[in-house]
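Listed below, chain by chain, are the residues.
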Amino acid sequence: MKCIRKNIAHFLLILLVLTGWTSCERSETALQSQNSNQPAATIEPTVSQEVEKLPLFVTYHRDSLENTAQVDSFKTRFNELEQEFIFAINRVDAYRLRAGDVLVIPDTLTKNFLDYSPFPQRLEMLDSIPKTVLISRRIQGFALYENGKLLKWGPVSSGKKSTQTPAGLFYGNYKARSKISTVDDSWLMPYYFNFMNFEGVGVHQYSLPGYPASHACVRLRKDDAISIYNWAKQWKLDATGQIVEHNGTPFMVFGDYNFEGPVPWLQLVEKPNSNYLNVRELETLSQYVAEYKKDKRNFDLPEPDLEELAVTPPEGLETIR
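Reading guide: rules and limits
Residues numbered from 1 in each chain as written. Predicted model: local features only at pLDDT ≥ 70, side-chain atom pairs only at ≥ 80, totals over all residues. Heavy atoms only, no water. Helix = DSSP H or I, 4+ residues; strand = E, 2+ residues; numbered from the N terminus. Buried < 20%, exposed > 50% of the residue type's maximum accessible area, 1.4 Å probe, protein only. Contact = heavy atoms within 4.5 Å. Areas by Shrake-Rupley, 256 points an atom, 1.4 Å probe, with all protein chains shown as cover. Phe/Tyr/Trp six-rings, centres within 6.5 Å; stacked < 30°, edge-to-face > 60°. Lys NZ or Arg CZ within 6 Å of the ring centre and 35° of its normal. Salt bridge = Lys/Arg side-chain N within 4 Å of Asp/Glu carboxyl O. Pairing = 2+ DSSP bridges. Axes fitted to C-alpha atoms, helices over the stretch in contact; angles between N-to-C directions. Parallel < 35°, antiparallel > 145°, perpendicular 65-115°, else oblique. Nonpolar A, V, L, I, M, F, W, Y, C, P; charged D, E, K, R; others polar. Expected span 1.5 Å × (residues − 1). Arc of directions from axis to C-beta. Polar contact = N/O pair within 3.5 Å; in protein donor to acceptor, adjacent residues only side chain to side chain.

Trainee: What should I look at first to understand the overall build of the protein chain in this one?
Mentor: Per the secondary structure count, the protein chain includes six helices and 13 strands. In the protein chain, buried positions account for 38% of the 321 residues. Within the protein chain, counting contacts between residues at least 6 apart in sequence, those at least 24 apart form 63% of the total. Carbon and sulfur atoms make up 55% of the accessible area of the protein chain, which amounts to about 20,500 Å² in all.

Trainee: Explain the packing of aromatic side chains here, please?
Mentor: How two aromatic rings sit relative to each other is given by the distance of their centres and the angle of their planes. Evaluation of the coordinates by the stated rule reveals 15 aromatic pairs. Considering the side-chain rings of Phe74 and Phe78, the 5.2 Å spacing of their centres and the 55° angle between planes classify their relative orientation as tilted. On the basis of relative accessible area, Phe74 is assigned to the buried category, the value being 0%. When the ring of Tyr292 is compared with that of Phe299, the centres are 5.8 Å apart and the planes differ by 65°; the resulting orientation is edge-to-face. A connected cluster of aromatic rings, assembled from ring pairs, spans Phe85, Phe113, Tyr116 and Trp153. Lying over the aromatic face of Phe113, Arg221 brings its terminal NZ or CZ to 5.8 Å of the ring centre.

Trainee: I would appreciate a short explanation of the pattern of salt bridges in the present structure.
Mentor: Pairing of side chains with opposite charge becomes possible as their charged atoms draw close. Scanning the model with the defined rule gives eleven salt bridges in all. Here Asp93 and Arg96 are joined by a salt bridge, their closest N and O atoms 3.9 Å apart. Assessed through its relative accessible area of 15%, Asp93 is described here as buried. The salt bridge partner of Arg221 is Asp224, with a shortest N-O separation of 3.1 Å. A network of salt bridges, in which partner residues are shared, links Arg137, Asp256 and Arg280.

Trainee: Help me understand the sheet that holds strand β10 (residues 218-220), please; the structure alone is not making it clear to me.
Mentor: Paired through backbone hydrogen bonds, the strands of a sheet run either parallel or antiparallel to each other. Pairing within the open sheet is mixed, and its four strands lie in the order β7-β8-β9-β10. Only two strands of the sheet have a single partner each, and these edge strands are β7 (175-180) and β10. Geometrically, the sheet is characterised by an average inter-axis angle of 35° between neighbouring strands, direction not taken into account. Across the sheet, helix α4 (residues 222-231) is in contact with β7, β8 (188-196), β9 (201-205) and β10; its angle to β8 comes to roughly 45°.

Trainee: What is the right way to read the packing of helix α2 (residues 68-77) against helix α3 (residues 80-89) from this model?
Mentor: Pairs of packed helices are described in terms of their axes, by the angle between the two and the distance that separates them. The N-to-C vectors of α2 and α3 enclose an angle of 120°; their axes lie 8 Å apart at closest approach. One way to sum up the angle between α2 and α3 is to call them oblique. Only Glu82, Gln83, Ile86 and Phe87 of α3 make contact with α2, whose side of the interface consists of Phe74, Lys75 and Arg77. Of the residues assigned to the contact of α2 with α3, the class counts are three nonpolar, one polar and three charged.

Trainee: Can you walk me through helix α5 (residues 279-294) in this structure?
Mentor: Because an α-helix completes one turn every 3.6 residues, residues spaced three or four positions apart along the sequence face the same direction. End to end, α5 covers 23 Å across 16 residues, agreeing with the expected 22 Å (1.5 Å per residue, within 8%). Within α5, the full set of buried residues consists of Glu281, Leu285, Tyr288, Val289 and Tyr292. All buried residues of α5 fall inside an arc of 100° around its axis, so they share one side. Pointing more than 90 degrees away from the buried face of α5 are the exposed residues Val279, Arg280, Gln287 and Lys294. The inward-facing, buried residues of α5 abut β3 (132-136), β6 (168-171) and β13 (250-254). The distance from a side-chain oxygen at the start of α5 to the backbone nitrogen of Arg280 is 3.2 Å, and the residue carrying that oxygen is Asn278.

Trainee: In this structure, what is going on with the environment of Cys217? I would like to understand it.
Mentor: Within the secondary structure layout, Cys217 lies in the loop between β9 and β10. Residue classification places Cys217 among the buried positions, given a relative accessible area of 10%. Along the backbone, Cys217 and Phe193 are 24 residues apart, and their C-alpha atoms lie at a distance of 9.9 Å. Among residues more than four places away in sequence, those in contact with Cys217 are Ser157, Ser158, Gly159, Thr165, Tyr192, Gly200, Val201, Gly202 and His204.

Trainee: Is there a simple way to think about unusual backbone geometry in this case?
Mentor: A negative phi angle is the norm for most residues apart from glycine, just as the trans form is the norm for most peptide bonds. Residues other than glycine seldom take positive phi values, yet Arg91 does so here, at roughly 55°. For Asn147, which is not glycine, the phi dihedral falls at a positive 50°. Summarising the element assignment, Asn147 is placed in the loop between β4 (141-146) and β5 (149-155). Note on Asn147: relative accessible area 39%, which makes it partly exposed.

So far we have only geometry, and geometry alone does not tell us how the molecule works.
So, in structure tokens, the structure goes:
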């Protein structure tokens, strides 16, 4: 009897040990299984990327310079660079500042004039065009793009109501360091770049009065005229000088100026977005781009393979002379 009890005790002890070992094994296995179901901690690789800076949203206010004392105050409140920006935003030369003038002034003044651009920093429709000059008659401004990226913008004075600058897709033709106007031989046009050959219309340095005032040409500040003069490409003519073999830089003129309303930049006070390109203008530019792509003179044709040209025709075939 004692032997039976002893055997039963040994059996229960062995069963208990086996059960405990199995439980421990199961617990460890379960823990391993649980850990395997959780994603392993990973270190994200550091990728060097150029983060595109969001454009600065600028608000504006009007400053009425009612007398000479307020004009003098304006000149002391703003440094030289800030005044340059303010005059450009108002499309007027600094020397024209007089008592009674009303200026629109940014509430935030930075050191980057692109922060006040009415043109987008990127214009994807221009990505495939190496260089483009945009001229907006509505907002009296120009912009230079390289493959859709804005490089520079500035104020202009385009044609007055009776002699408006024609809208359309044009190309840079020829340039002259200095040119005499065909309208008045006393008018000297420095850094002239023609984009309408027969009509004699182009961009050049001349005074900016703060509204469209030219005889169809597009007036620019000196620095801006020099920039376009050096940056834009001229046409390439054949040996006779009569046929255009390759177009120059495209000049896209668009938008309608409201000659009956207030100047558009004064509207920035109530509507800070009012000078940006609108849907209609973007559609017009899209049409210009499509027209540009159809003109073979905008592209360099591949050079013929000299080896292929040198291949002797197979015997028995007539050679076409």
